[in-house]
Every structure is written in structure tokens, then in C-alpha cells.
Amino acid sequence: DDLTATNSRSFHMASGLLPKPKRAAVRALYAFCRVTDDTVDNAANEADGLAALNAWRARIQLQNPPADDLVAVAWADARSRYNVPSRYAEQLIDGVARDTVQKRYVTFDDLAAYSYGVASTVGLMSMHIIGYQGLEAMPYAIKLGVALQITNILRDVADDWRRGRVYLPQEELTAFGIFEEEIGEGVVTARWREFMRFQIDRNRRLYDEAHAGVALLNADGRFATAAAAELYRGILKDIERRNYDNLSRRAYVGTARKVAMLPAIWLRSR
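Since the structure is predicted, the reported quantities are computational estimates derived from the model, not experimental observations.

A. Geometry of empty space enclosed by the protein. All told, the structure shown has two cavities of 30 Å³ or more when counted by the stated rule. Quantified by volume, the largest cavity comes out at close to 60 Å³. Those elements that place two or more of their residues in the lining of the largest cavity are α12 (190-211) and α13 (219-241). Here the second largest cavity is characterised by a volume of approximately 50 Å³.

B. Structural context of the layout of surface pockets. Taken as a whole, the second largest pocket holds about 280 Å³ of empty space. Surrounding the second largest pocket, 15 residues form its lining, Arg-233, Gly-234, Lys-237, Arg-257 and Met-261 being those nearest its centre. Going through the elements one at a time, α13 and α14 (255-269) are the ones with two or more residues in the lining of the second largest pocket.

C. Region of the structure containing unusual backbone geometry. A positive phi angle, near 60°, is found at Asn-243, a position not held by glycine. One can find Asn-243 in the loop between α13 and α14.

D. View of the packing of aromatic side chains. As enumerated under the stated definition, the model contains nine aromatic pairs in all. Taking the centre distance of 5.2 Å and the plane angle of 40° together, the rings of Tyr-105 and Tyr-114 count as tilted. Given the relative accessible area of 0%, Tyr-105 is considered buried. What links up through ring pairs into an aromatic cluster is the set Phe-176, Trp-192, Phe-195 and Phe-198. Over the ring of Tyr-88 we find Arg-87, and its NZ or CZ is 4.7 Å from the ring centre. Over the ring of Phe-108 we find Arg-202, and its NZ or CZ is 3.7 Å from the ring centre.

E. Local environment of the side chain of Arg-79. Considering the arrangement of structural elements, one finds Arg-79 in helix α5 (residues 70-81). The buried charged residue Arg-79 lacks any salt bridge, with Glu-90 as its nearest oppositely charged partner at 8.7 Å. For Arg-79, the side chain forms a polar contact with the main-chain oxygen of Ile-60, separated by 2.7 Å. With residues near it in sequence (within four places) discarded, Arg-79 still touches Ile-60, Gln-61, Leu-62 and Val-84.

F. Spatial organisation of the nonpolar core. Within the largest apolar cluster, 82 residues are counted, with the highest numbers of intra-cluster contacts made by Phe-32, Met-125, Leu-168 and Trp-192. At 11 residues, the largest contribution of residues to this core is made by helix α7 (residues 108-130). Among residues more than four places away in sequence, those in contact with Leu-168 are Tyr-105, Ile-153, Leu-154, Val-157, Leu-173, Ile-183, Trp-192 and Phe-195.

G. Structural context of the packing of helix α3 (residues 20-41) against α7. Their axes nearest at 10 Å, the elements α3 and α7 cross at an angle of 160°. Classified by the interaxial angle, the pair formed by α3 and α7 is roughly antiparallel. Crossing geometry of α3 relative to α7 is assigned as right-handed. In this structure, α3 contributes Lys-22, Ala-25, Val-26, Leu-29, Phe-32 and Cys-33 to the contact, and α7 contributes Val-122, Met-125, Ser-126, Ile-129 and Ile-130. A class-by-class count of the residues in the contact of α3 with α7 yields nine nonpolar, one polar and one charged.

H. Region of interest: the environment of Val-106. Along the chain, Val-106 falls in the loop between α6 (86-97) and α7. Judged by relative accessible area, Val-106 falls into the partly exposed class, the value being 48%. For the pair Val-106 and Leu-173, spaced 67 residues apart in the sequence, the C-alpha separation amounts to 9.5 Å. Filtering out sequence-adjacent residues up to four positions away, Val-106 remains in contact with Pro-169, Gln-170 and Glu-171.

Rules and cut-offs
Each residue is numbered by its place in its chain's sequence as written, counting from 1. Residue-level local features of this predicted model are given only where pLDDT is at least 70; pairs of side-chain atoms are given and counted only at 80 or more, and the full residue set underlies all totals for whole chains, interfaces and linings. Only hydrogens and water are set aside; all other atoms, that is, all heavy atoms of the structure, feed into the side-chain values. Of the two site types, the cavity is a set of points on a 1 Å grid over the protein atoms alone where a 1.4 Å probe fits but cannot get out, and the pocket is an open set with protein on both sides within 12 Å along at least five of seven lines, each lined by residues with an atom within 4 Å of a point. Grid points are joined across faces, edges and corners, and a volume is the space filled by probe spheres set on the points. Every helix listed is a DSSP run of H or I at least four residues long, and every strand listed is a run of E at least two residues long, numbered separately from the N terminus. Two aromatic rings, drawn from Phe, Tyr or Trp (for Trp, its six-membered ring), form a pair once their centres lie within 6.5 Å of each other, and the interplanar angle then sorts them: stacked below 30 degrees, edge-to-face above 60, tilted otherwise. Burial classes: relative accessible area under 20% of the type maximum marks a residue as buried, over 50% as exposed, and values in between as partly exposed (1.4 Å probe, protein chains only). Only when the NZ of Lys or the CZ of Arg is both within 6 Å of the ring centre and within 35 degrees of the ring normal is a charge said to sit over the ring. Charge assignment: positive for Lys and Arg, negative for Asp and Glu; neither His nor the chain ends contribute. One speaks of a salt bridge when a side-chain nitrogen belonging to Lys or Arg is within 4 Å of a carboxyl oxygen belonging to Asp or Glu. Within 3.5 Å is the distance limit for a polar contact, defined as a pair of N or O atoms, with the added protein rule that one can donate a hydrogen and the other accept it, and that residues adjacent in sequence qualify only through two side-chain atoms. Only heavy atoms enter the contact rule, under which two residues are in contact if any of them lie within 4.5 Å. As used in this record, nonpolar core signifies buried Ala, Val, Leu, Ile, Met, Phe, Trp, Tyr and Cys residues forming a set joined through side-chain atoms within 4.5 Å. Orientation is described by lines fitted to C-alpha atoms, with helices fitted over the stretch in contact, and by angles between N-to-C directions that extend from 0 to 180 degrees. Under this scheme an angle from 65 to 115 degrees is roughly perpendicular, one under 35 degrees roughly parallel, and one over 145 degrees roughly antiparallel; angles in between are oblique. In this scheme, a crossing is called left-handed if the near helix is turned counterclockwise away from the far one by less than a right angle; it is called right-handed if the turn is clockwise. Side-chain classes follow a simple rule in which Ala, Val, Leu, Ile, Met, Phe, Trp, Tyr, Cys and Pro form the nonpolar group, Asp, Glu, Lys and Arg form the charged group, and the remainder, Gly included, forms the polar group.

Shown next, in the form of C-alpha cells:
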């Protein structure tokens with residue numbers, strides 16, 4: 001719970017709208033994902049990151065992880081309690097491992113495939129915890145995962161650049177006449193604003209297309225899921241409000257604004 005509150009205030013607020021048992025399980029899932037991601041990001045080099053990730057993979061596959069590993073224990077309990085298919089956790093780890101070998105993506109389709117691994121899998125695992133009405137819910141969970149990950153990418157452009165990663169599709173950067181070095185310089189040009197408008201418009205369409213899936217979830221999880229999506233989507237508006245400057249600052253939605261958004265989200269989720 002502390003890990004969620006520290007690393008993602010939006011997710012912590014949204015998951016707080018779930019019934020207590022599902023809230024605990026979803027936060028255990030978040031903690032598992034956070035540790036998986038940090039295992040690679042905090043490693044001294046790619047080889048060390050991959051080795052640590054493989055050790056973590058082995059640990060979270062145990063039915064009874066070491067008692068002193070609270071995240072692994074909590075995730076094992078949540079996975080068992082809600083019958084979360086292990087293949088999604090495997091796909092997530094494979095997706096994170098991809099960061100050790102691939103730093104660029106040529107097309108949006110390439111990026112969407114990566115986003116499935118690191119984000120849509122999380123949506124599919126969440127869906128098993130929340131409960132859903134049928135297999136027709138799955139494509140919506142996948143699309144929402146891609147939407148959330150693209151928002152992450154647009155928010156974290158500068159941070160990713162400093163890590164040597166550029167997730168923005170290479171062919172789209174070229175089409176808008178943008179060189180990677182401009183990201184490092186942090187100067188927001190007219191070309192960058194046009195490029196970001198294009199990225200944000202597509203990202204919003206993904207959110208819109210995914211929203212119908214909320215109605216296919218169990219009733220006690222719809223508000224929380226809609227809140228997670230809409231609070232995150234608010235990052236896009238903050239980028240626009242700052243005249244598309246996501247290079248010198250990290251976009252975010254303040255707590256007061258999040259709270260103000262909740263009544264409208266609740267109505268829409270009904």
C-alpha cells in the first residue's frame with residue numbers, strides 16, 4: 001500500500017474506490033509491477049538488470065515466496081485468490097526485459113506491441129481481480145493499457161531520453177521534422193507542438209474506444225477503473241495547458257483537481 005501511495009498517487013486514489021479485498025489485491029499487483037520495472041531501471045547495466053529480472057521472475061512464480069519479501073508474498077496471495085493467469089505476469093516481465101535490448105521503436109504498431117507487454121497485461125490482470133462479464137471485455141482492457149502506456153511515454157519523454165530511450169515512433173518524429181537531439185535540448189518548437197497535438201489526439205481516441213469496456217466489468221469495479229483512466233488522461237490536458245512543454249517539466253494532475261474530477265467520472269461510469 002505504501003509503495004502504491006509513494007509511486008502513483010492517481011492509481012492509489014483510483015484503487016481506493018474498490019472494495020477492500022479487491023483494493024488490496026490490485027495494490028499488490030501494482031507493487032509487483034513497480035518492483036519488476038525498477039529491477040531493470042535501477043540496475044547498473046543491462047546485463048545486471050536482466051539477471052536481476054530473471055531472479056525476480058523465478059521468485060514470483062513460487063506459490064510460497066520468502067516471508068521477508070512482502071511484495072512477492074502479497075502478489076502470490078492476490079494471484080491465487082483471484083485466479084490471475086500466470087501468462088500475463090510472464091508477458092509483463094518479458095515486456096520489461098525488452099527495455100534491456102531495445103531503446104527505439106520505428107512505428108506506432110511497434111510501440112503498441114511493446115505497450116501490450118508492459119501495460120495491457122496489467123489491465124488483463126486487473127480485470128481478473130475486479131471481475132468481468134465475458135471475453136468480449138478483453139480487447140477493451142488491452143486498448144486501455146496501450147492508452148495508459150502512451151500517456152506515460154508522453155509524460156516521461158525527457159526522463160526516458162536521459163536513460164537513453166526514445167519511445168516516440170521514429171517514423172513519426174521524422175515525418176514532423178524532429179531530431180532526437182532536440183529532445184535533449186528541451187526546446188519546445190512549433191514542430192514539437194504540432195507533433196504533440198498529433199500524439200495527444202490519437203491517445204485520446206484510444207481512451208474513448210476503451211471506455212465501453214468499463215460497462216463489462218463487475219459493478220463494484222467500474223468507478224475505480226473509470227477513475228484510473230480519466231485521472232491519467234488528465235495528464236494530456238496538463239501538457240496542453242503548458243503549451244506542449246513536456247521537455248522541461250513532467251506533466252501531472254494535482255490532488256485537488258483529481259478530487260474535483262471524481263463526481264463526473266462517477267456519473268459517466270454509471
